[in-house]
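Observations on the three-dimensional arrangement
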Amino acid sequence: MVKVEFHFDFGSPNAYLSHLVIPEIEKRTRVKFEYVPVLLGGVFKLTNNRSPAQSLVGIRNKPEYERLEMARFIKRHAITRFQSNPFFPVNTLTMMRGAIAAKTLGVFELYVDEMFRNMWGNPKKIDDPNIFRSALDEAGLPTAKILELIETKPVKDQLLENTNRSVERGTFGSPTFYVGNEIFFGKDRLRDVEEMIAASG
């Protein structure tokens, strides 16, 4: 069976929207996506890229078009759980290390759901340590263990390794998808991702 990967950072609203749509694709294709946490700031640094919030400044018509495409995507998939985060940009380093820790502890899926929700479903200033801790507690996650692991070298090194390896494969932003060795960037390529999965048998 073909391997399908989703390289993501919680700071990307398009990664969140992809996360909401991925279950539909998994159900249709019977292929489970492997979620790979990467640090978007690290990706940008390694690729000399910038976030859309920076790169679109001063460009006529393009920001408006990007918002239109997002609205179309949200309507197409009947998404009702999305809001702009008023605290954006949010530093996601702790959150992304937390994703590595959560995977180690066997609570990765719940952690991912909750972090995305606290970023874009019910937005909070989740890079505030107290708010981050409260979000973990409210979700019933093992807060103390996650916070402890976040500070360990193996967790830090794993996130760095994920990020470096992702860039070496071709990643320059989030969300990025891999179907086998084929790369697709952006939520709008999910239809292409699904077609590639089907073509791969």
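Provided above is the structure to which this section pertains.
Reference entry: report on the structure contained in this document. Everything numeric here is computed off the predicted structure, so don't read it as measured data.

Structural notes on the overall build of the chain
Looking only at helices and strands, one finds ten helices and four strands in the chain. Secondary structure elements in the chain, listed N-terminal to C-terminal, are β-α-β-α-α-α-α-α-α-α-α-β-β-α. In terms of C-alpha radius of gyration, the chain reaches 17 Å, essentially the compact-globule figure of 17 Å for 201 residues. Judged by the C-alpha coordinates and their principal axes, the chain covers about 45 × 40 × 35 Å. Counting all 201 residues of the chain, 46% fall into the buried class. Counted over contacts in the chain with a minimum sequence separation of 6, partners at least 24 positions apart contribute 73%. Counting only carbon and sulfur atoms, one obtains 51% of the accessible surface of the chain, whose full area is about 11,000 Å². With 28 positive and 25 negative side-chain charges, the chain shows a separation of 3 Å between the mean positions of the two kinds.

Considering the environment of Ser174
Here Ser174 lies in the loop between α9 (153–169) and β3 (176–179). Along the backbone, Ser174 and Glu5 are 169 residues apart, and their C-alpha atoms lie at a distance of 12 Å. Not counting residues within four places of it along the chain, the set of residues in contact with Ser174 comprises His7, Phe8, Asp9, Ser12, Ala15, Leu40 and Phe185. A distance of 3.2 Å separates a polar atom in the side chain of Ser174 from the backbone nitrogen of Asp9.

Re the packing of aromatic side chains
Per the stated rule, a full pass over the model turns up 13 aromatic pairs. Aromatic pair Phe82 and Trp120: ring centres 6.1 Å apart, planes at 25 degrees, arrangement stacked. On the criterion of sequence distance, the pair formed by Phe82 in the loop between α4 (62–76) and α5 (93–105) and Trp120 in helix α6 (residues 108–121) is long-range, its members being 38 residues apart. Of the residues examined, Trp120 reaches a relative accessible area of 3% and is grouped as buried. Ring-pair connections join several aromatic residues into one group, and the members of that group are Phe6, Phe8, Phe10, Tyr16, Tyr35, Phe82, Phe88, Tyr111, Phe116, Trp120 and Phe177.

A short note on the side chain of Ser166
By secondary structure assignment, the location of Ser166 is in helix α9. Since its relative accessible area comes to 0%, Ser166 is described here as buried. Here the side chain of Ser166 touches His7 through a polar contact of 2.7 Å, side chain to side chain. Within the structure, Ser166 has its side chain in polar contact with the side chain of Thr171 (distance 2.6 Å). Non-local contacts of Ser166, meaning those with residues more than four positions away in its chain, are made with His7, Val38, Thr171 and Tyr178.

As for helix α10 (residues 190–199)
Looking at α10, one finds that the buried residues are Leu190, Val193, Glu194 and Ile197. Along the long axis of α10, the arc covered by the buried residues comes to 95 degrees, so they all point the same way. Set apart from the buried face of α10 by more than 90 degrees, the exposed residues are Arg191, Glu195 and Ala199. In this structure, the buried residues of α10 make contact with β1 (4–8), α1 (13–29), β2 (33–37), α4, β3 and β4 (182–185).

Regarding the pairing of β4
Here β3 runs beside β4; their pairing, made up of four bridges, is antiparallel. From the neighbouring strand, Phe177 faces β4, where its bridge partner is Phe184. Hairpin connection from β3 to β4: two residues lie between these consecutive antiparallel strands, with Gly180 at a positive phi of about 65 degrees.

Focus: the packing of α6 against helix α7 (residues 129–139)
Between α6 and α7, the shortest axis-to-axis distance is 10 Å and the interhelical angle comes to 130 degrees. Classed by the angle they form, the pair α6 and α7 counts as oblique. α7 is crossed by α6, and the crossing has right-handed handedness. Along its contact with α6, which presents Leu110, Tyr111, Glu114, Met115 and Asn118, the element α7 presents Phe132, Ala135, Leu136 and Ala139.

As for the side chain of Asn85
Among the structural elements, Asn85 can be located in the loop between α4 and α5. Exposure remark for Asn85: the relative accessible area of 6% places this residue in the buried category. Of the polar contacts made by the side chain of Asn85, one reaches the backbone oxygen of Met119; its length is 2.9 Å. Here the side chain of Asn85 touches Lys124 through a polar contact of 3.3 Å, landing on its backbone oxygen. With sequence-adjacent residues up to four places away left out, Asn85 is seen in contact with Val90, Asn118, Met119, Trp120, Pro123 and Lys124.

Criteria and thresholds
Residues numbered from 1 in each chain as written. Predicted model: local features only at pLDDT ≥ 70, side-chain atom pairs only at ≥ 80, totals over all residues. Heavy atoms only, no water. Helix = DSSP H or I, 4+ residues; strand = E, 2+ residues; numbered from the N terminus. Rg over C-alpha atoms; globule rule 2.2 N^0.38 Å. Buried < 20%, exposed > 50% of the residue type's maximum accessible area, 1.4 Å probe, protein only. Contact = heavy atoms within 4.5 Å. Areas by Shrake-Rupley, 256 points an atom, 1.4 Å probe, with all protein chains shown as cover. Lys, Arg positive; Asp, Glu negative; His and termini not counted. Charge placed at Lys NZ, Arg CZ, Asp CG, Glu CD. Polar contact = N/O pair within 3.5 Å; in protein donor to acceptor, adjacent residues only side chain to side chain. Phe/Tyr/Trp six-rings, centres within 6.5 Å; stacked < 30°, edge-to-face > 60°. Arc of directions from axis to C-beta. Pairing = 2+ DSSP bridges. Axes fitted to C-alpha atoms, helices over the stretch in contact; angles between N-to-C directions. Parallel < 35°, antiparallel > 145°, perpendicular 65-115°, else oblique. Left-handed = near helix turned anticlockwise from the far one by under 90°.

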